[in-house]
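Chains, contacts and geometry: an overview
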Amino acid sequence: MINNLKLKIEDKCGFEIKQLSNCESLSMLIFMETGNDISYNTLRRLFGLVKKTNPSKSTLNILSQYLGYKNYETFCSKYPKKMNWDLNQ
């Protein structure tokens, strides 16, 4: 489901997250839209630009809010499991 979230984020912001400057730009976009701050380093880890770690619930909630959902749980509930499987193929 996190892969689906990342794809939706790239769709919304209009660019792929491939380098540090993309993470800095996305961090600013998220702050402007939600009023919540996510460090560009957190985004670098999430998108695999540096050593990955599991994102916190707070990070997932903020990213979901950026996409227009109340929280990550709401985001997940909008996508049936079969559709999630199809997106990962």
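1. Quick look at the overall build of the chain
In terms of helices and strands, the chain carries six helices and zero strands. Helices (α) and strands (β) of the chain occur, in sequence order from the N terminus, as α-α-α-α-α-α. Looking at the chain as a whole, 31% of its 89 residues qualify as buried. If you take every contact in the chain between residues at least 6 apart in sequence, the share linking residues at least 24 apart comes to 53%. About 5600 Å² of surface is accessible on the chain, with carbon and sulfur atoms providing 50% of the total.

2. Thoughts on the packing of aromatic side chains
In this structure the tally under the stated criterion is two aromatic pairs. Both rings, one in Tyr 72 and one in Phe 75, keep their centres 6.2 Å apart while their planes meet at 20°; by these two values the pair is stacked. Of this pair, Tyr 72 and Phe 75 both sit in helix 5 (residues 72-77), separated by three residues, roughly a single helical turn. Taking relative accessible area as the criterion, Tyr 72 reaches 15% and is therefore assigned buried. On the accessibility criterion, Phe 75 (0% relative accessible area) is buried. Taken together, the ring pairs connect Tyr 69, Tyr 72 and Phe 75 into an aromatic cluster. The cationic tip of Lys 12 hangs over the ring face of Tyr 66; the distance from NZ or CZ to the ring centre is 4.6 Å.

3. Focus: the pattern of salt bridges
Using the criterion set out here, one finds two salt bridges in the structure. Among the salt bridges present, the one from Glu 33 reaches Lys 12, with a minimum N-O distance of 2.5 Å. Of this pair, Glu 33 sits in helix 2 (residues 20-34) while Lys 12 sits in helix 1 (residues 2-13), placing them 21 residues apart in sequence. Among the ionic pairs, Lys 18 bridges to Glu 16, the shortest N-O distance being 3.3 Å. We classify Glu 16 as partly exposed; its relative accessible area is 48%.

Calculation criteria
Residues numbered from 1 in each chain as written. Predicted model: local features only at pLDDT ≥ 70, side-chain atom pairs only at ≥ 80, totals over all residues. Heavy atoms only, no water. Helix = DSSP H or I, 4+ residues; strand = E, 2+ residues; numbered from the N terminus. Buried < 20%, exposed > 50% of the residue type's maximum accessible area, 1.4 Å probe, protein only. Contact = heavy atoms within 4.5 Å. Areas by Shrake-Rupley, 256 points an atom, 1.4 Å probe, with all protein chains shown as cover. Phe/Tyr/Trp six-rings, centres within 6.5 Å; stacked < 30°, edge-to-face > 60°. Lys NZ or Arg CZ within 6 Å of the ring centre and 35° of its normal. Salt bridge = Lys/Arg side-chain N within 4 Å of Asp/Glu carboxyl O.

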